[in-house]
Amino acid sequence: MKALEGVKILDMTHVQSGPTCTQLLAWFGADVIKVERPGVGDVTRQQLRDIPDVDSLYFTMLNANKRSITLNTKTEKGKAIFTKLIESCDVMVENFAPGALDRMGFSWQRIQEINPRMIYASIKGFGPGAYEECKVYENVAQCTGGSASTTGFDDGPPIVTGAQIGDSGTGLHAALGIVTALFHREKTGRGQRVECAMQDGVLNLCRVKLRDQQRLAHGPLKEYPQYPNGTFSDEVPRAGHASGGGQPGHVLQCAPGGPNDYIYVIIQPPGWAPLMQIIGREDLMDDPEWSTPEARLPKLESCFHLIEGWTVTKTKFEAMEILNAHNVPCGPVLSMKELAEEQSLRATGTVVEVDHPKRGKYLTVGNPIKLSDSPSDVRRSPLLGEHTEEILKEVVGFSDEEVAEARDEGAV
Ligand code: CAO
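Residues numbered from 1 in each chain as written. Predicted model: local features only at pLDDT ≥ 70, side-chain atom pairs only at ≥ 80, totals over all residues. Heavy atoms only, no water.

Peer 1: Quick question: what am I supposed to make of the packing of aromatic side chains here?
Peer 2: Any pair of aromatic rings gets described here by the distance separating the centres and the angle formed by the planes. Overall, the coordinates contain four aromatic pairs when judged by the stated rule. Seen from their ring centres, tryptophan 108 and tyrosine 120 are 5.8 Å apart, and the 40° between their planes marks the pair as tilted. Residue tryptophan 108 is found in helix α5 (residues 108–114), and its partner tyrosine 120 is found in strand β5 (residues 119–124); the two are separated by twelve residues along the sequence. For tyrosine 120, a relative accessible area of 3% puts it in the buried group. Both rings, one in phenylalanine 126 and one in tyrosine 131, keep their centres 5.1 Å apart while their planes meet at 50°; by these two values the pair is tilted. We classify phenylalanine 126 as buried; its relative accessible area is 9%. (Phe/Tyr/Trp six-rings, centres within 6.5 Å; stacked < 30°, edge-to-face > 60°. Helix = DSSP H or I, 4+ residues; strand = E, 2+ residues; numbered from the N terminus. Buried < 20%, exposed > 50% of the residue type's maximum accessible area, 1.4 Å probe, protein only.)

Peer 1: What is the right way to look at unusual backbone geometry in this model?
Peer 2: Phi is mostly negative for residues that are not glycine, and the peptide bonds are mostly trans. That bond from tyrosine 227 to proline 228 is cis: its omega, 0°, falls within 30 degrees of zero. Along the polypeptide, proline 228 turns up in the loop between α9 (207–215) and β7 (249–253). With omega at 0°, the peptide bond leading from alanine 255 into proline 256 counts as cis. Note that proline 256 resides in the loop between β7 and β8 (262–266).

Peer 1: Mind showing me how you'd approach the nonpolar core here?
Peer 2: Ranked by internal contacts, the top residues of the largest apolar core, which has 35 residues, are Ile9, Leu25, Val91 and Ile178. When residues of this core are traced back to their parent elements, those giving at least two are α1 (17–27), β4 (91–94), β5, α7 (167–188), β6 (193–197), α8 (198–205) and β10 (351–356). Setting aside residues up to four positions removed in sequence, valine 91 forms contacts with Val7, Lys8, Ile9, Leu10, Met118, Ile119, Ile178 and Leu182. Listed in part, the 30 residues of the second largest apolar core include Leu10, Ile111, Phe398 and Val403. (Core = buried A, V, L, I, M, F, W, Y, C linked by side-chain atoms within 4.5 Å. Contact = heavy atoms within 4.5 Å.)

Peer 1: Just to check I follow, could you spell out the pairing of β10 for this structure?
Peer 2: Remark: a regular strand shows side chains that alternate across the two faces of the sheet. Sheet analysis places β10 next to strand β11 (residues 360–365), joined by six bridges and oriented antiparallel. Pairing of valine 354 across the sheet is with tyrosine 362, part of β11. Between the end of β10 and the start of β11, which pair antiparallel, lie three residues. (Pairing = 2+ DSSP bridges.)

Peer 1: Would you mind going over a nonpolar patch on the surface with me for this structure?
Peer 2: The grouping of Leu172, Ile369 and Leu371 at the surface amounts to a nonpolar patch, some 240 Å² of accessible area in total. Positionally, leucine 172 belongs in helix α7. The exposure class of leucine 172 is partly exposed, given its relative accessible area of 46%. (Patch = residues over 30% accessible without salt bridge, like charges linked within 9 Å, V, L, I, M, F, W, Y side chains within 5 Å. Areas by Shrake-Rupley, 256 points an atom, 1.4 Å probe, with all protein chains shown as cover. Salt bridge = Lys/Arg side-chain N within 4 Å of Asp/Glu carboxyl O.)

Peer 1: How should the site of the ligand be read in this particular structure?
Peer 2: Lining the immediate environment of the ligand, one finds 25 residues, of which Ala97, Arg103, Lys135, Val136 and Asp167 sit closest. Lysine 135 places a side-chain nitrogen or oxygen 2.4 Å from an oxygen atom of the ligand. Contacts to the ligand include glutamate 138, whose backbone N or O atom sits 3.5 Å from an oxygen atom. When the ligand sits alone it has 950 Å² of accessible area, and the protein chains cover 84% of it. Those elements that provide at least two residues to the shell around the ligand are α4 (100–104) and β5. The element contributing the most residues to the shell around the ligand is α4, with three residues. (Near = heavy atom within 4 Å. Polar contact = N/O pair within 3.5 Å; in protein donor to acceptor, adjacent residues only side chain to side chain.)

Peer 1: Hey, could you run me through the environment of leucine 297 in this one?
Peer 2: Summarising the element assignment, leucine 297 is placed in the loop between α11 (293–296) and α12 (300–311). We classify leucine 297 as partly exposed; its relative accessible area is 26%. Those residues in contact with leucine 297, other than ones at most four positions away along the chain, are Lys222, Glu223 and Tyr227.

Peer 1: Before we go on, may I ask you to explain the sheet that holds β8 in this structure?
Peer 2: In any sheet, the strands associate via hydrogen bonds between backbone groups, in a parallel or an antiparallel arrangement. Ordered in space as β7-β8-β9, the three strands form an open sheet in which the pairing is antiparallel. Among the strands making up the open sheet, the edge pair consists of β7 and β9 (330–332). Averaged over neighbouring strand pairs, the angle between their axes works out to 20° when direction is ignored. Here β8 pairs with β9 via three bridges, running antiparallel. Bridging across to β9, isoleucine 263 finds its partner in proline 332. The sheet contacts of α12 involve β7 and β8, and relative to β7 the element is tilted by about 35°. Packing against the sheet, helix α13 (residues 316–325) makes contact with β8 and β9, and its axis sits at approximately 160° to β9. (Axes fitted to C-alpha atoms, helices over the stretch in contact; angles between N-to-C directions.)

Peer 1: Explanation requested: the pairing of β5 in the structure shown.
Peer 2: Most of β5 is tucked away, with six of its six residues classed as buried. Burial along β5 is two-sided: the residues Ile119, Ala121 and Ile123 and Tyr120, Ser122 and Lys124 are all buried. In terms of strand pairing, β4 meets β5 through four bridges, oriented parallel. When the bridges of β5 are listed, valine 93 appears paired with alanine 121.

Peer 1: Just checking my understanding: could you explain the pattern of salt bridges for this structure?
Peer 2: Oppositely charged side chains can form a pair if their charged atoms are brought close together. Evaluation of the coordinates by the stated rule reveals 27 salt bridges. Linking arginine 45 and aspartate 55 is a salt bridge whose minimum nitrogen-to-oxygen distance equals 2.7 Å. Within this pair, whereas arginine 45 is found in the loop between β2 (31–36) and α2 (57–60), its partner aspartate 55 is found in the loop between β2 and α2, the two being separated by ten residues in sequence. Here aspartate 55 falls in the buried class, since its relative accessible area comes to 10%. Between glutamate 389 and lysine 393 there is a salt bridge whose closest N-O contact spans 3.0 Å. Highlighted residues: glutamate 389 and lysine 393, both in helix α16 (residues 388–394), separated by four residues, approximately one helical turn. For lysine 393, a relative accessible area of 32% puts it in the partly exposed group. Connected through shared salt-bridge partners, Lys8, Asp31, Arg67, Glu390 and Glu394 make up one network.

Put into structure tokens, the structure is as follows:
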């Protein structure tokens, strides 16, 4: 049995943040019913298409294991069907612009009247406050949540990261909120509201930078590249490649010098001696000018420069093997091509090949969370409205005639 088997999710999500959340729940076995506008569907079906008239990879990689029903929730019949779906489902998830569900006539109050056991999760760009009415996309959240101001180099502009911490990060937060509310409902019998703001989600992931903001009041951030020669203002600066943790680290170039021929190396205190041995600088192993973390702090750049003199003579995989044999924490910079081809990720189901009736085979990222008793299988994303009839009959309880009627009226 899958962990969330029997849980029905009314999925009103679109684009990335909401679909990430419901895809996770679907992988764990929930029956996710994705509601889409007739003829249109989730906007991402058509965005960044690589094959004409075929659902984009953007859509297919965010909507696995779901069923799709088309439903115009702005028609009377559509509203009646939607009300039935609210009655039958355990969880409803939406990430429309603020107020969209209210405008449809389905406020939180109304949803509770229809189904007091309902868990109603919303993802918005901001929580209550000056910006609560704003629409938000990924990079806006990265900028407003503290990621952009702390990413990049001291002498350059703020940088947004490729990791979708605003969208997928908030989707993850929302999924945790939903399963927590389900657990609570087991004890109380009551549903509740789950609200996740993308700004909050990003800030949560940037927690260490708010830590550093407060440390600044007590002196310079000694592990940052600005120390000891640069200057610090009263705001956390961009730290380049410096590690966010307590151990210094840096990206170092490897052979043959391609754009992703780099390895990230961390100098743990016990790692210094083996590192110096590996690079042939045994003279620095016990030299008090270099051998302690305190002695190295003002000259971290020189430390990494020394090590890079060795890494440039090895490929990132050779360096990884040698450094790991000496217990030095490190990791190669892997390109998406390398990750797609990585056999160990295929073996664990983290990278999965899926077959789609219109696009053929494509790769997706499977469930990164592994449960021993509830393994995930990845099923292709649904075609637009593929399950409309089945859901109308099975979940809403419609007869063939009622299904035909709903179609004739343009509600589905
Ligand atoms: N039947 C009828 N109408 C439907 C419908 C359905 N099945 N599904 C959606 N709609 C309507 C909504 O009711 C809304 O109509 P109104 O504006 O008249 O109320 C409309 O479709 C579109 O909603 P939207 O405003 O959310 O869409 P948008 O493309 O303008 O904005 C986005 C997109 C993402 C900026 C906005 O939804 C948003 O800010 N969401 C919250 C934050 C978020 O999740 N952002 C992440 C996006 S991924 O980067």
